[in-house]
Each structure stands twice: as structure tokens, then as C-alpha cells.
Amino acid sequence: MKDVKVLGSGCKRCIETAALVQSEADRLGVPIKLEKITDYAEIAKYGIASTPGVVIDGKVVHAGGLPKSESIAAWLAA
Amino acid sequence: MTSTELPAKPRSATTRLIVTALLLVIWVALYAALAPASQWLVLQLPLDPASGAAQALAFFIYDTPKVLLLLTLIVFAMGVVRSFFSPERTRALLAGRRQGVGNVAAATLGIVTPFCSCSAVPLFIGFVSAGVPLGVTFSFLIAAPLVNEVALGLLLALLGWKVALLYLLLGLAVAIISGAIIGRLHLEGWLEDWVRALRTEAAPLATAQLSIADRIDAGVEAVRDIVGRVWPWIIGGIAVGAGIHGWVPEGLLAGIMGREAWWSVPAAVAIGIPMYSNAAGIIPVVEALLGKGAALGTTLAFMMSVTALSAPEMVILRKVLTVRLIAVFVAVVGLGILVVGYLFNFLFG
């Protein structure tokens, strides 16, 4: 079970990112626990300066803009 | 984005470069054909060429494709340039910088760093908590929305490169000086307490190795995103502008928006704050107003106020800034825009 956090205050891109991660995980059959972090102070603690951010098992893998589905697949496979 | 990324699908940079070059040739051909084609089209209309309707239509038929073509090119170029930057990298460049040099660097980076007003707060916190001085952070936050590719593209298309360049330089000046003043005032105590207490380590993000193909894709994506979003505003703005061109009498606005009306500059700034239309809808209207006696400085001040001081952004920033700090921000930036307005009216009377 991979622990995935999507960081973002609820902007359109953040919601899209969460949906994209979920659909990519479903497609690959990788079980994930998806959590959306919307609190600004919480987001800041991950050390990013742009949202949406993606954190997988505690490691920040992405910040700013919609991630590509190939990238998501790579993060989930790692 | 990470080093663990699988080998990317074989995508040919050569194919993309060829397609890009080909599209550029088509772009140049279309642009060159624009003036004769639109003139011919207007002559086919059963209208008296001197009538208001003919003038309005001529403006609309020529300017709509012209603006869209120039905007597409500029947004594409900016998309490619921005693929070399990220807010995280800009933050690393600005952390610990001193006032002065830091403000200049922040304002300049504000133009080329990808920025969305929806992530203004994470960016603000991310910068301040990682040691970017408050005034330097403000220089970035002022320049990023003020000097944007949509405004520059439209100014270039409708008012020429001189005005576009002046807007760029004066926008930078407003961002640099406003940030420097806010920094000099030492208002760190006016941040919300939880923001001041926050100290973060920058996330160790692996820098993405983007290929030329990726960067061209970034440009195409920017066009799809930005031009796809603003084109209805542009067409609406040009339609209103066309109406003004065709039917508003010459010199009508000289009394209220001309350079003799000294109070029109502060009025333009004040009216601009609650307006949150993007530059796309406003610049075509501004261009038309200029032809009817409005002064350039007054109209530029209005545009800057609309883009740099937006009420919705202040509501978002209220989460991290106290009301007092927001008031200082508005006052300093507003004053800067005011100076720009008067300066323009004085220089280009």
C-alpha cells in the first residue's frame, strides 16, 4: 500500500492531480491510500513553493502544475 | 520529475523541431496576409467605408486574428522559456539575497517563473519560510501577475513594441521599488503569527531533465491552456473596442480621461482594483479609448491596477498577511502605478 498525498488548497489543478493519481493507480493495479492536504501550514512543511504537490511515502516527487501520467506511473512503480 | 522516472517514450525532437519550424512559416504567411485580406473583406461589405459600422467591422476583422496570432506566438515562446524555471528553483536563487539586488532578481524572475495566482499563498509561505526576505518576495509577487505574456502580447499587437517595452520596464520598476520599500519598512511582524513561526527546508526535488521535445510540448501546453482560456475575453474586448472605434466621437473622452484631467489617474487606479477581468479583455478597449482622446498614462495606470491589484488575490493573501500589511501593499503599489501614469502622461502628452 503506497501512501500518496496531494498537496494543494483545493484549486482546480489539485483536484485534477488527485483524480489522475487515483486513475493511474487503478490502471496499474497499485493499491494506494490517497490523502489531500489542503492546510497551508501543512503544505509548507513539505518545503514546496508551488501547488499541486505530490508526496509518495513521505517523499516529495512533484511540485507545480499537472503531472504527466507517465511520471505518475513511474512514481507508483518505484 | 524524479531520477526514478522510466525511460521516456522515444519522442523525436527532430520531428517536433520540423513541425515547429513549419508552423512558424505558416504563422508568418498568415500574419503577412492579414492586412490585405481584411481590407479586401471589408470592401466586399455593402457598407459606406466612412460609416461607423464599416470602421467598427474593419477594426474587428483585422485586429481579432492579429491579436490571436501574436498572442499565440508569445505564449508559446514564454511556455518554452518557463520550462527552464520553477518556483522552487527561483526560491533557491533568491533565498538569503539582500535588498536591492534581491528585488531586481525577484522581479525579473517573476516574469519567467511559472506562476498561477491560485498558488500565490503556497508560494508566499514557501519563499518567506525558506529565508527569502519579505520585500524580495513581494517584488516577485508583484511582477509575476503584472508583467505577464498576455498583457505584453496584446500591447504589442494593438499599441506597438514601444508601448509594450515601456509597460515591461515600468512594470518591473514598480515591482522592484514597491518590494524594496516594503522590505525597508521591516514589516515581518505584520505577517500572520503562524507564518512567521514557520521555518521549512526546501524539498529535495530532483530537477527534471527536460528534452527539447519536452520544452516544445511545454510551449504547446501553454498555448492550449492560456490562449484556450482567454480567447473569448479577447474577442469580447475587441468587439467592444470596435464599437468604440465606430461610434464614439473623436475627443469625447479628452475631458474625462485626457491628460489635462489630473484626477483621472488616481480614479483609473481606484476603479481598477475591484476589477478582475484579465488584461485580455481590457487592452482592446483601452486601445480604442486612446483613439478617442484618453491619455496613455491614464489607461496604462488602469491596466496595471487591474492586473497587479486584484481584490480576489487580496482575499487569498489575507490568509497569510494581516490587514495592515495588505493595506501597505496596496498603498505602495498603487502609488507606484500612479507615478507611472503621471510619468506617461507627461512624456507622451
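Note: the structure precedes this text.
Going along each chain's sequence as written, the residues are numbered from 1 onward. Following the order in which they are written, the chains are lettered starting with A and the ligands numbered starting with 1. For this predicted model, a pLDDT threshold of at least 70 governs which residues receive local features, and a threshold of 80 or more governs which side-chain atom pairs are given and counted, while totals over whole chains, interfaces and linings are taken from all residues.

Let us look at the overall build of chain B. In DSSP terms, a helix is any run of H or I states spanning at least four residues, a strand is any run of E spanning at least two, and both are numbered starting from the N terminus. Helix and strand counts for chain B stand at 16 helices and zero strands. Relative to the globule expectation of 20 Å for 349 residues, the C-alpha radius of gyration of chain B, 22 Å, shows essentially globular dimensions. Summarising its shape, the C-alpha atoms of chain B cover approximately 70 × 60 × 30 Å along the three principal directions. Considering only intrachain contacts with a sequence separation of at least 6, the fraction spanning at least 24 residues in chain B is 88%. The globule rule used here is 2.2 Å times the number of residues to the 0.38 power, and the radius of gyration it is set against is calculated over C-alpha atoms. Two residues form a contact once the distance between their C-beta atoms, set from the backbone, is within 7 Å.

Moving on, we come to unusual backbone geometry. Residue and element names in this part refer to chain A. Going from Thr-51 to Pro-52, the amide bond is cis rather than trans, its omega being -5°. Take Pro-52: it is sitting in the loop between helix H2 (40-45) and strand E3 (53-56). Positive phi, close to 50°, is recorded for Asp-57, a residue that is not glycine. Along the polypeptide, Asp-57 turns up in the loop between E3 and strand E4 (59-63). A residue is classified by how many C-beta atoms lie within 10 Å of it, and Asp-57, with 12 of them, is exposed. Around each residue's C-beta, the other C-beta atoms within 10 Å are counted; 20 or more make the residue buried, 12 or fewer make it exposed, and counts in between make it partly exposed. All C-beta atoms are placed from the backbone.

Structurally, a nonpolar core is described as a collection of buried Ala, Val, Leu, Ile, Met, Phe, Trp, Tyr and Cys residues joined by way of C-beta atoms within 7 Å. Formed by 116 residues in total, the largest nonpolar core has its most connected members in Ala-143, Leu-154 and Met-303 of chain B. Top contributing element to this core by residue count: helix H2 (residues 52-82) of chain B, with eleven residues.

To continue, consider the interface of chain B and chain A. In this assembly, 28 residues from chain B lie in contact with 25 residues from chain A. Looking at the side of chain B that touches chain A, the elements that each hand over two or more residues are helix H3 (87-94) and helix H5 (120-129) of chain B. A class-by-class count of the residues in the side of chain B that touches chain A yields 16 nonpolar, seven polar and five charged. Amino acids are sorted into nonpolar (Ala, Val, Leu, Ile, Met, Phe, Trp, Tyr, Cys and Pro), charged (Asp, Glu, Lys and Arg) and polar (every other residue, Gly among them).

Before going further, it helps to examine the sheet that holds strand E1 (residues 2-7) of chain A. Two strands in a sheet stick together by hydrogen bonds in their backbones, pointing the same way (parallel) or opposite ways (antiparallel). All names here are of chain A. At least two bridges found by DSSP between two strands is the condition for calling them paired. The four strands lie next to each other as E2-E1-E3-E4, forming an open sheet whose pairing is mixed. In the strand order of this sheet, the two ends are held by strand E2 (32-37) and E4, each with one partner. Between one strand axis and the next, the sheet turns through 20° on average, direction left out of account. Relative to E4, E3 runs antiparallel, the two sharing four bridges. Note that in E4 the partner of Ile-56 across the bridge is Lys-59. To obtain each axis, a line is fitted to C-alpha atoms, and for helices this fit is confined to the stretch in contact; angles are then taken between N-to-C directions over 0 to 180 degrees.

Turning next to helix H14 (residues 296-308) of chain B. Residue and element names in this part refer to chain B. Taking 1.5 Å per residue as the helical rise, H14 with its 13 residues ought to reach 18 Å, and the 18 Å between its terminal C-alpha atoms agrees with that figure. Counting buried residues in H14 gives twelve out of 13 residues, a clear majority hidden from the surface. All of the buried residues in H14 are Gly-297, Thr-298, Thr-299, Leu-300, Ala-301, Phe-302, Met-303, Met-304, Ser-305, Val-306, Thr-307 and Ala-308. One fewer than the residue count of a helix, multiplied by 1.5 Å, yields its expected span.

Packed helix pairs are characterised by how far apart their axes lie and by the angle those axes make with each other. Residue and element names in this part refer to chain B. Their axes nearest at 7 Å, the elements helix H4 (residues 101-112) and helix H6 (residues 134-146) cross at an angle of 30°. Our classification of the angle between H4 and H6 gives roughly parallel. For the crossing formed where H4 meets H6, the hand is right-handed. Residues Gly-102, Asn-103, Ala-106, Ala-107, Leu-109, Gly-110 and Ile-111 of H4 pack against Gly-135, Val-136, Ser-139, Phe-140, Ala-143 and Ala-144 of H6. Per-class residue counts for the contact of H4 with H6 are eight nonpolar, five polar and no charged. In this scheme, roughly parallel covers angles under 35 degrees and roughly antiparallel covers those over 145, while 65 to 115 is roughly perpendicular and the rest are oblique. Here a crossing is taken to be left-handed if its near helix is turned anticlockwise relative to the far helix by less than a right angle, and right-handed if that turn runs clockwise.

With that out of the way, let us pick up the packing of helix H10 (residues 212-247) of chain B against helix H13 (residues 279-290) of chain B. Residues and elements named next belong to chain B. The interhelical angle for the contact between H10 and H13, taken along N-to-C directions, is 15°, at an axis separation of 7 Å. Here H10 is positioned roughly parallel relative to H13, judged by the angle of their axes. Here H10 runs over H13; the crossing is right-handed. Packed against H10, whose contacting residues are Val-230, Trp-233, Ile-234, Gly-236, Gly-237, Ile-238, Val-240, Gly-241, Ile-244 and His-245, the element H13 presents Ala-280, Gly-281, Ile-282, Ile-283, Pro-284, Val-285, Glu-287, Ala-288 and Leu-289 at the interface. When the residues that make up the contact of H10 with H13 are grouped by side-chain class, the tally is 13 nonpolar, five polar and one charged.

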